[in-house]
Amino acid sequence: MLFYSVVGENSSLYHSELLEKSRQWGFLIPESMKRVNSINKIFDFIDFWETKKSELPYEIDGIVIKVNSIKVQNELDFTAKVPRWAISYKYKAERQSTILVSVTYQVGRTGAITPVANFEPINLSGTIVKRASLHNSDQIEKLGLRIGDYVYVEKGGEIIPKIVGFDKLRRGSIENIIKFVENCPDCGSKLKKIEGEAQHYCKDENNCKTQIIGKIQHFVSRKAMNIESFGSERVALLFNKGVINNIADIYKIEIENLVNLEGMAEKSALNLIESIKLSKKQPFEKILFSMGIRHVGETVASKLANHFGSIENLINSSYDDLISVEEIGEKIVNSIRDYFNNSKNLLILEKLSKVGLNFKIDKNNVRSNVLHGKIIVISGTFQTMSREKIKQLVLENGGKLSSAVNSKTKFIIGGQSIGPTKNEKAKILKIPIISEKDFLEMLNT
Ligand SMILES: [Zn+2]
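Quick caveat, the model's predicted, so the values are computed rather than measured.

(A) Local environment of the overall build of the protein chain. Helix and strand content of the protein chain: 17 helices and 13 strands. Taken along its principal axes, the extent of the C-alpha atoms in the protein chain is 75 × 65 × 50 Å. Counting across all 445 residues of the protein chain, residues that qualify as buried make up 40%. Of the contacts made within the protein chain by residues no fewer than 6 positions apart, 57% connect residues no fewer than 24 positions apart. With the model as given, the accessible surface of the protein chain reaches about 25,900 Å², and the carbon-plus-sulfur share is 51%. Distance from the positive charge centre (63 side chains) to the negative charge centre (52 side chains) of the protein chain: 2 Å.

(B) Looking closely at the layout of surface pockets. Roughly 1,100 Å³ of volume is contained in the second largest pocket. Together, 38 residues line the second largest pocket, and Met33, Ile63, Val64, Ile65 and Lys66 are the ones closest to its centre. Partitioned by chemical class, the residues of the lining of the second largest pocket number 23 nonpolar, nine polar and six charged.

(C) Representation of the coordination of the zinc ion. With distances of 2.2 to 2.4 Å, the protein atoms coordinating the zinc ion are Cys184 (SG), Cys187 (SG), Cys202 (SG) and Cys208 (SG). In this structure, the zinc ion is coordinated by four donor atoms arranged in tetrahedral fashion, with angles at the metal of 98 to 115°. Of note, the zinc ion draws all its donor residues from one chain, in the sequence arrangement C-x2-C-x14-C-x5-C. Of this pair, Cys184 sits in the loop between strand 7 (161–166) and strand 8 (192–193) while Cys208 sits in the loop between strand 9 (200–201) and helix 5 (209–220), and the two are 24 residues apart along the sequence. As far as burial versus exposure is concerned, Cys184 and Cys208 are alike and both buried.

(D) Examining the packing of helix 15 (residues 387–396) against helix 17 (residues 436–444) more closely. Contact geometry of helix 15 with helix 17 gives a least axis separation of 12 Å together with a crossing angle of 30°. It follows from the interaxial angle that helix 15 and helix 17 lie roughly parallel. Note that helix 15 runs across helix 17; the crossing there is left-handed. Contact residues: helix 15 offers Ile390, Leu393 and Val394, while helix 17 offers Phe439, Leu440 and Leu443.

(E) Geometry of the sheet that holds strand 12 (residues 409–414). Taking strand neighbours across the sheet as the criterion, the four strands line up as 11-10-12-13 in an open arrangement whose pairing is parallel. Edge positions in the open sheet fall to strand 11 (400–401) and strand 13 (433–434), since each of these has one partner strand only. Pairing of strand 10 (residues 375–379) with strand 12 involves five bridges; the strand directions are parallel. Bridge pairing links Ser379 to Gly414 in strand 12.

(F) A look at the domain arrangement of the protein chain. Partitioning the protein chain into domains gives domain 1 (15–90), domain 2 (95–176), domain 3 (209–279), domain 4 (284–364) and domain 5 (366–444). Between domain 4 and domain 5, the C-alpha centre-to-centre distance is 24 Å. Between domain 4 and domain 5, the contact holds eight residues from the first and seven residues from the second. Buried surface at the junction of domain 4 and domain 5, both sides included, amounts to about 780 Å², of which 47% is carbon and sulfur. For the pair domain 4 and domain 5, the interface holds one salt bridge. Glu326 is the salt-bridge partner of Lys391, the closest N and O atoms lying 3.9 Å from each other. Inspection of the domain 4/domain 5 interface yields one residue pair in polar contact (both at pLDDT 80 or more). Classifying every residue of the side of domain 4 that touches domain 5 gives no nonpolar, four polar and four charged.

Definitions and limits used
- For every chain, the first residue of the written sequence is number 1, and numbering continues from 1 onward in sequence order.
- Only residues with pLDDT of at least 70 are given local features in this predicted model, and only at 80 or more are side-chain atom pairs given and counted; all residues enter the totals for whole chains, interfaces and linings.
- For side-chain calculations, the full set of non-hydrogen atoms in the structure is used, while hydrogens and water are omitted.
- Secondary structure is summarised from DSSP: a helix means a run of H or I of at least four residues, a strand means a run of E of at least two, and numbering begins at the N terminus for each.
- Only protein chains enter the accessibility calculation, which uses a 1.4 Å probe; a residue whose area is less than 20% of its type maximum is buried, one above 50% is exposed, and one in between is partly exposed.
- What makes two residues a contact is simply this: any of their non-hydrogen atoms within 4.5 Å.
- Using a 1.4 Å probe, accessible areas were evaluated by the Shrake-Rupley method; residue-level cover was limited to the displayed protein chains.
- Charged-residue counts in this description rest on Lys and Arg as positive and Asp and Glu as negative, His and the chain ends being excluded.
- To locate a charge, take atom NZ for lysine, CZ for arginine, CG for aspartate or CD for glutamate.
- Detection works on a 1 Å grid of protein atoms alone, calling trapped sets that fit a 1.4 Å probe cavities and calling open sets with protein on both sides within 12 Å along at least five of seven lines pockets, with lining residues defined by an atom within 4 Å of a point.
- Grid points are joined across faces, edges and corners, and a volume is the space filled by probe spheres set on the points.
- Under this grouping Gly is polar, as are all residues other than the nonpolar Ala, Val, Leu, Ile, Met, Phe, Trp, Tyr, Cys and Pro and the charged Asp, Glu, Lys and Arg.
- The donor set covers N, O and S atoms within 2.8 Å of the metal, switching to 3.2 Å for Na, K and Ca, and it leaves out water, so a site may look short of donors.
- For a four-donor site, all angles between 85 and 135 degrees give tetrahedral; for four or six donors, opposite pairs above 155 degrees with the remaining angles between 65 and 115 give square planar or octahedral; all remaining cases count as irregular.
- Here an axis means a line fitted to C-alpha atoms, over the contact stretch when the element is a helix, while the angle between two N-to-C directions is reported on a 0 to 180 degree scale.
- The cut-offs work like this: below 35 degrees is roughly parallel, past 145 is roughly antiparallel, 65 to 115 is roughly perpendicular, and the gaps in between are oblique.
- In this scheme the handedness of a crossing depends on how the near helix is turned from the far one: anticlockwise by less than a right angle means left-handed, clockwise means right-handed.
- At least two DSSP bridges between two strands are required for those strands to pair.
- An automatic or database domain assignment supplies the start and end points of every domain.
- The term buried area means the drop in 1.4 Å probe accessible area that two parts suffer when joined, counted for both and summed.
- Throughout this description, the term salt bridge denotes a Lys or Arg side-chain nitrogen within 4 Å of a carboxyl oxygen of Asp or Glu.
- Here a polar contact is recorded for every N or O atom pair within 3.5 Å, except that within protein the pair must consist of a potential hydrogen donor and a potential acceptor, and residues adjacent in sequence are included only if both atoms are side-chain atoms.

Now the structure itself:
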């Protein structure tokens, strides 16, 4: 095991020093690590290991370039998913050619259709590969593939193989050119393309078997409603036996429905019933994520739940209400409105609400109503509290967060070096900028 980072409180140190320290303590760290002080030296390092990487006692697919100062790292911070102070450089992947046999289409739980290329198996960096995603119709068109083509397959940094082109001298016949399917391979409904998105969708979400099963599997999964003893195969079995037809039916399951099913002993049936009951305690933001609305992942679900407070508010929200929520773009807004415009979805929500699921933010997390209905923007860096803490305080006291300054903004909580655009807009619109200290005083009154 090779260690690549030391986590600690002392921010006056440097990443490379900390790693050196851990080497002295007896841990293994990559011998190839190097501290450099210019962009050219970084490229020299990349080039050096491009040719030497095969001599390493382990396989690498690239290198990581990091900011050395922990203090600067802390300032740069993270996006929702990745650090802003580190970036990876991936080396060109190994490539093989093989014959393209067929293209099949998969239906995802949100109705997205993914074309998959099936080819004669090849050995790519030690594993046998026989299929690769073609992602969408644009990609198919761009590649211009025909069945019978000799295609080049690469395994990139994410270990996922992909087709990067074909051998121009060994082509399949022109009548075998791949055309994207027009109908859903599962339910047969006509596929639609959503403006601004590359994917085709089957929009018959409540009649398309693969989608329904996928939605139920997502709903019960660990990060969603976390219903234990309810694996993917069991979901499919209960669906195929007609016990459940949608996510709301889960809460109608009774022990008699289960005991006669194959592979289901009484004990495990009881466990399932118990964990279904337990799941009713999940908080609103988890339920919102579990519903499986296209593009609404965990982060977005939690933002929406905090912003709107209840499912009613969310259902009744306008385009403008939605787009004003921090980090919610047009694609997400359209998907949310699409979902709530479908009466079948509303019916399912109603059923879920009747069995006691929690469609409101838990009031126990609310401290006060001082900021009720106020739209607040946070900008700059802060001394006494983290930005996350300030956000939390805004939400806990009934406020709403927005990333953009506009006429609706009540005030800006400003730290050091407020964004210039925000500053300018605040001046024009005469929106007050208050300090973190003012903000805390406001909450105390
Ligand atoms: Zn379908």
